[in-house]
Amino acid sequence: MNISHNVNLQTYNTFGLSSVAERLVRLESREHIREYFEADEPQPSLVLGGGSNLLLTKDISGTVLKMELAGIKVVNEDQDHVYVKVGAGEVWHSFVMHAIQQGWAGIENLSLIPGSVGAAPMQNIGAYGVEIKQVFHELEAYLTHDRSFQTFGLDDCSFGYRESVFKHALKNKAIITSVTFRLNKRPAFNTSYGAIEAELEKMGVRELSIKAISDAVIHIRQSKLPDPKEIGNSGSFFKNPVIDKEHFQKLKAEFPEVVGYPAGKEHMKVAAGWLIENAGFKGQRFGNYGVHERQALVLVNYGGAKGEDVFQLSETIIKKIDQRFSIKLHREVNVI
Ligand code: EPU
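Nothing here was measured: the structure is a model prediction, and the numbers come from that model.

Draft legend 1. Fine view of the overall build of the chain. Helix and strand counts for the chain come out as 7 helices and 20 strands. Seen through its C-alpha atoms, the chain measures out along the principal axes to roughly 60 × 50 × 35 Å. Here the chain, with 336 residues, has 50% of them falling under the buried criterion. Intrachain contacts of the chain at a sequence separation of at least 6 include 59% that bridge at least 24 residues. Total accessible area on the chain stands at roughly 15900 Å², and carbon and sulfur atoms take up 47% of it.

Shown next as structure tokens:
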């Protein structure tokens, strides 16, 4: 365990927001976790992975735990699958690149998503037609209330669209230490997301491969989403709202260009980026923060912004979208 005090978390969150943690404890192993909690340390104020889904609006009193458990290991194999156990502290995109090199298929559509492996199941990360629940085998988490490690299978996690049990019933009670994925030896390519097909064609790809899909996804993301190393952001700031079909029909009558996709039999998922753009926010800049010019779902810090200001902007957006479309947007990011 490595302990430091009064640490500015600016480089530990992809938004690049300044927030001083009273105490930062780095945990590199299961033993460190056990040691921390068995020493009757206070409950942590925040557990930090890659800091890619976080809006820090204030300094943090108490302890921030930084998860740094490493390791990528094949733990089982059958004719069609390889089961790979990955430490929570591994960088998600590095793991995806490793999988592609090894020829393990299933997560190529999830290339270039910022963040850590341990944070991925928290919100069932998804992009370009794939969510991690599709390749999830199990995970191990430390339950702070009974001081034990426990294994969670697919059914225990209640995965939904950007949702899991770890954001609800087990919020602040479980610390994910490793995730085991079931990857495919024989790829089943998923190019259902239109933009992938178009990008593959642009790239002149004749024969599909997981590498080609990954490259296409990387190109698309780079063309739309700001690189957090250059402009602070946490990807989609809001979730795409789900509304009932009747509401969507009314919306469509008034705004024929509205973008939506069926979500089950009775609901539609609406592109929040479209709503925010239509409401006039896309590309708006307020000094050192604003709404990204190429993807209205992404709020950005141009350097030195305050988390509180970004939060207020998100409140303004939520209010405006509600007034204009009678739709309540929900934040995807975790606000501290
Ligand atoms: N759109 C607009 N204006 C905008 C942005 C989008 O009109 O400013 C329209 C687009 O034209 C398109 C539709 O909205 O028709 C969907 O846009 P896009 O393909 O960019 O996807 P998204 O719904 O905005 C979601 C995820 C992303 C993920 C992409 C691709 C959520 C909240 N976001 O965005 O995830 O990469 O799909 O699968 O579900 C993230 O969670 O951080 C994230 C980046």
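Once you've had a look at it, read on.
Draft legend 2. Main features of the sheet that holds strand β10 (residues 136–143). Ordered in space as β6-β7-β12-β10-β11, the 5 strands form an open sheet in which the pairing is antiparallel. Lying at the two open borders of the sheet, with one neighbouring strand each, are β6 (72–77) and β11 (148–153). Adjacent strand axes in the sheet meet at a mean angle of 25 degrees, parallel and antiparallel pairs treated alike. Of the strand pairs in this sheet, strand β7 (residues 81–87) and strand β12 (residues 174–184) are connected by 7 bridges, and their pairing is antiparallel. Bridge pairing in β12 links Y83 to R182.

Draft legend 3. Summary view of the side chain of S116. Its place among the elements puts S116 in the loop between α2 (92–102) and β8 (126–127). The exposure class assigned to S116 is buried, which follows from its relative accessible area of 7%. Within the local environment of S116, its side chain forms a polar contact with the backbone nitrogen of G50, the two atoms lying 3.5 Å apart. Residues within four places of S116 in sequence aside, it is in contact with G49, G50, A88, E90 and W92.

Draft legend 4. Summary view of the pattern of salt bridges. Scanning the model with the defined rule gives 14 salt bridges in all. Of the charged contacts, one joins K185 and E77 as a salt bridge, the two residues approaching to 3.0 Å between their closest N and O atoms. Residue K185 is found in the loop between β12 and α3 (194–203), and its partner E77 is found in strand β6; the two are separated by 108 residues along the sequence. Taking relative accessible area as the criterion, E77 reaches 49% and is therefore assigned partly exposed. Between E277 and K282 there is a salt bridge, and its shortest N-O distance comes to 3.0 Å.

Draft legend 5. Representation of a nonpolar patch on the surface. Taken together, the side chains of Y193, V259 and Y261 make up a nonpolar region of the molecular surface, amounting to roughly 260 Å² of accessible area. Mapped onto the fold, V259 is located in the loop between α5 (245–254) and β15 (260–263).

Draft legend 6. Spatial organisation of the packing of aromatic side chains. Tallied over the full model, the rule gives 15 aromatic pairs. Look at F255 and W274: their rings are 6.1 Å apart centre to centre, the planes differ by 75 degrees, and that puts the pair in the edge-to-face class. Of this pair, F255 sits in the loop between α5 and β15 while W274 sits in helix α6 (residues 272–278), placing them 19 residues apart in sequence. Of the two residues, F255 and W274, neither departs from the other in class, the shared state being buried. With 6.0 Å between their ring centres and 55 degrees between their planes, W274 and F325 make a pair best called tilted.

Draft legend 7. Just the domain arrangement of the chain, in detail. Each assigned domain of the chain is listed here: domain 1 (2–67), domain 2 (72–184) and domain 3 (232–335). Between the C-alpha centres of domain 2 and domain 3 there is a distance of 27 Å. Of the residues lining the interface, 5 residues belong to domain 2; the matching set on domain 3 comes to 4 residues. Of the roughly 480 Å² buried where domain 2 meets domain 3, counting both sides, 36% is carbon and sulfur surface. Interface area lost by domain 2 to domain 3 is led by Q123, Y161 and R162, which between them contribute 78%. One salt bridge in this structure joins K239 and E163, with 2.6 Å as the shortest N-O distance. Run the count over domain 2 and domain 3 and you get 3 residue pairs in polar contact (both at pLDDT 80 or more). By residue class, the composition of the side of domain 2 that touches domain 3 is 1 nonpolar, 1 polar and 3 charged.

About the thresholds
Residues numbered from 1 in each chain as written. Predicted model: local features only at pLDDT ≥ 70, side-chain atom pairs only at ≥ 80, totals over all residues. Heavy atoms only, no water. Helix = DSSP H or I, 4+ residues; strand = E, 2+ residues; numbered from the N terminus. Buried < 20%, exposed > 50% of the residue type's maximum accessible area, 1.4 Å probe, protein only. Contact = heavy atoms within 4.5 Å. Areas by Shrake-Rupley, 256 points an atom, 1.4 Å probe, with all protein chains shown as cover. Pairing = 2+ DSSP bridges. Axes fitted to C-alpha atoms, helices over the stretch in contact; angles between N-to-C directions. Polar contact = N/O pair within 3.5 Å; in protein donor to acceptor, adjacent residues only side chain to side chain. Salt bridge = Lys/Arg side-chain N within 4 Å of Asp/Glu carboxyl O. Patch = residues over 30% accessible without salt bridge, like charges linked within 9 Å, V, L, I, M, F, W, Y side chains within 5 Å. Phe/Tyr/Trp six-rings, centres within 6.5 Å; stacked < 30°, edge-to-face > 60°. Domains from an automatic or database assignment. Buried area = accessible area lost by both parts, 1.4 Å probe. Nonpolar A, V, L, I, M, F, W, Y, C, P; charged D, E, K, R; others polar.

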